[in-house]
Amino acid sequence: HAYLQLRRTINFLKTNLIMKPLYIYFLAASLACTSCSDSWLDLNPSTSVPTDQAFSSLEDAQSALNGIYRLASAHSYYGDNFFYFGDCRAADVQARMTKGDGRRVSPYYEYNVKATDSFNSSLPWNQVYKVIRQTNNLIAATESGLIKTTDEAALNEIKAQALAMRGLALYDLIRVFAMPYSYDNGQSLGVPIVTTATDQSSKPARNTVAECYDQIITDLTNSLAGLSKEKKDGCLNYWAVQGILSRVYLNKLDYPNAYKAATDVIENSKSLYQLYTLDEYPTVWGKEYTSESLFEFYFSLTEPSGGSGGEGAPMVYANEEKVDWNNLILSEDYLNLLNEDPQDVRHCVTEVSAIANNEGLPEGARDKKVYLAKFPGKTGDPRDNNLCIVRLSEIYLNAAEAGLKIGGEQATKGMEYLNDVITNRTTNTAMKVNAAADFTLERILKERRKELVGEGLAVYDYTRNKLPVVRKGSWHLTSLETSNAYTIQPNDSRLAIPIPQTEIDANPNLVQNP
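Residues numbered from 1 in each chain as written. Predicted model: local features only at pLDDT ≥ 70, side-chain atom pairs only at ≥ 80, totals over all residues. Heavy atoms only, no water.

A.B. asks: How would you summarise the overall build of the protein if you had to cite specific residues and measurements?
C.D. replies: Each helix and strand counted, the protein has 17 helices and 10 strands in total. Per-residue burial over the protein gives 61% buried out of 514 residues. For the protein, contacts bridging at least 24 residues in sequence account for 70% of all contacts bridging at least 6. As displayed, the protein offers around 19,500 Å² of accessible surface, 50% of which is attributable to carbon and sulfur atoms. (Helix = DSSP H or I, 4+ residues; strand = E, 2+ residues; numbered from the N terminus. Buried < 20%, exposed > 50% of the residue type's maximum accessible area, 1.4 Å probe, protein only. Contact = heavy atoms within 4.5 Å. Areas by Shrake-Rupley, 256 points an atom, 1.4 Å probe, with all protein chains shown as cover.)

This is the structure in structure tokens:
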């Protein structure tokens, strides 16, 4: 059955897409939204221009949406760079060795990415804009009247998911290629906003960070009415997008809206999502669609072939009996933080190297639990580990931080949300926050560090709060001294990586980052 669906999809694409150049990348596919979790379609959207007949049925539109999800989960987007970027730019995750210019991981950690760096600048930029171009094509098709269906609700849901993916993609671009909103209230340059199908001759200028945030929020909020409030494994639903909005608003310093979005998820989706309990926590890693997962990308070893690949996001953390792509480890500072509470269940996701006296590690780290074990894979192979993009614990901590900054009743409730996370992670009652005077930003950020390590969010805790990133501990690499990256101040221009030089050369309207 799946094979017949694949052949029908291939024939559809051959017949109805004009390709420049003429090629299509084919990967296994099925078309039902309930199947976005375990089957998919990919094509090269940056060079595909749909004809008037390209989208004629609901099935065609669903096929295109599945392709968008697969593009977003691929290498150079969430499949690697965008998943680990936020952690290796902060203090708790570090490279175990420097690999030099143009290699994965270490240039982010060392804050020395160059504009000519394909792996760390050009490919991520291009991959996310592929997603944006494909969402624009799909949104235009849903609005064209050319898709014939009697199920308008289903078509509206496809459009809503495409809108949300476009908003998420734009947010991801500015969090890598632009300075944080907190730097100057969004007045610095972001990235070009592209909301219509364009050809390759288009040369857009960069919009401001504030303008980008406005567009991100517009897309995400406009998507909500069309999204399902039921679980949609592997797809965006209403609750996942509200969770993303809580993240976006928090980093835009819009605390009332961050609190509103987060508490909507917490209070109104309890029949679908619940925090991991103390007993559950050690058992959830590697499993798919757990009780905290609002949105995750699906992987198996066959879809795509080889899963997320040898250099995919889970593999950079892998604790294996060889030293290769697995170039991210936990810092001594993080382990010291975790060791403040021996009863904390999160010790279970830290491991000593599988290699005795591993010479691929900094000397001081060789007998320490420096490997993060959040991505063991469904079959024991990290390459088939799903990638969770929005998790419920983050939403509780978003509500706590927003509530603190609003004050009053929201702060009181925010303290409850913080304690909900704490009491599900440790039996040590001394860790609980019992007084308003102890409900501080420092305490919230400490809990975020312990809970969300390795999930791509860490550096933004520093930037939105205008805090320096200080790399502490005895096994940080000495390359940090060479690159002047032991401490990153909140106004350090290197927080925004360079726009790819190829884009600057091709588009005279683009301005390079300082």
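A.B. asks: I'd like a description of the confidence of the model for the protein, backed by residues and values.
C.D. replies: Caution applies to low-pLDDT parts of the model: their predicted coordinates are not meant to be read in detail. Here the protein shows a mean pLDDT of 89. Residues at 70 or above account for 89%. Of the regions scoring below 50 in pLDDT, residues 1-53 engages in 109 contacts with residues more than four places distant in sequence or in other chains. (pLDDT = per-residue confidence, 0-100.)

A.B. asks: Quick one: what's the story with the pairing of strand β8 (residues 387-391), residue by residue and with numbers?
C.D. replies: Extensive coverage of β8 is indicated by the burial of five of its five residues. Across four bridges, strand β4 (residues 293-297) lies against β8 in antiparallel orientation. Counterpart to S293 in the pairing with β8 is R391. (Pairing = 2+ DSSP bridges.)

A.B. asks: So what's going on with helix α6 (residues 152-177)? Which residues, and what values?
C.D. replies: Its 26 residues place the ends of α6 37 Å apart at the C-alpha level, agreeing with the 38 Å of an ideal helix rising 1.5 Å per residue. Within α6, 22 of the 26 residues are buried, which leaves the element mostly enclosed by the surrounding structure. (Expected span 1.5 Å × (residues − 1).)

A.B. asks: Describe in detail the packing of helix α12 (residues 392-406) against helix α14 (residues 441-452), supporting the description with residues and values.
C.D. replies: One can describe the packing of α12 onto α14 by two numbers: an axis separation of 10 Å at closest approach and a directional angle of 170°. In terms of axis orientation, α12 runs roughly antiparallel to α14. Residue-level inspection shows S393, E394, L397, N398, A400, E401, L404 and K405 of α12 in contact with α14, the latter providing L441, I444, L445, E447, R448, E451 and L452. Residue composition of the contact of α12 with α14, grouped by class: seven nonpolar, two polar and six charged. (Axes fitted to C-alpha atoms, helices over the stretch in contact; angles between N-to-C directions. Parallel < 35°, antiparallel > 145°, perpendicular 65-115°, else oblique. Nonpolar A, V, L, I, M, F, W, Y, C, P; charged D, E, K, R; others polar.)

A.B. asks: I'd like to hear about the packing of helix α10 (residues 255-268) against α12, residue by residue, with values.
C.D. replies: For the pair α10 and α12, interaxial distance at closest approach is 8 Å and the crossing angle is 140°. Relative to α12, the element α10 lies oblique. Where α10 crosses over α12, the handedness of that crossing is left-handed. Where α10 abuts α12, its residues Y255, P256, A258, Y259, A262, T263, V265 and I266 lie against L392, I395, Y396, N398, A399, A402, G403, K405 and I406. Residue classes in the contact of α10 with α12 are distributed as 13 nonpolar, three polar and one charged. (Left-handed = near helix turned anticlockwise from the far one by under 90°.)

A.B. asks: How would you summarise the environment of Q62 if you had to cite specific residues and measurements?
C.D. replies: Within the secondary structure layout, Q62 lies in helix α2 (residues 58-72). For Q62, a relative accessible area of 7% gives the class buried. Taking the C-alpha atoms as reference points, Q62 and E157, separated by 95 residues in sequence, lie 9.9 Å from one another.

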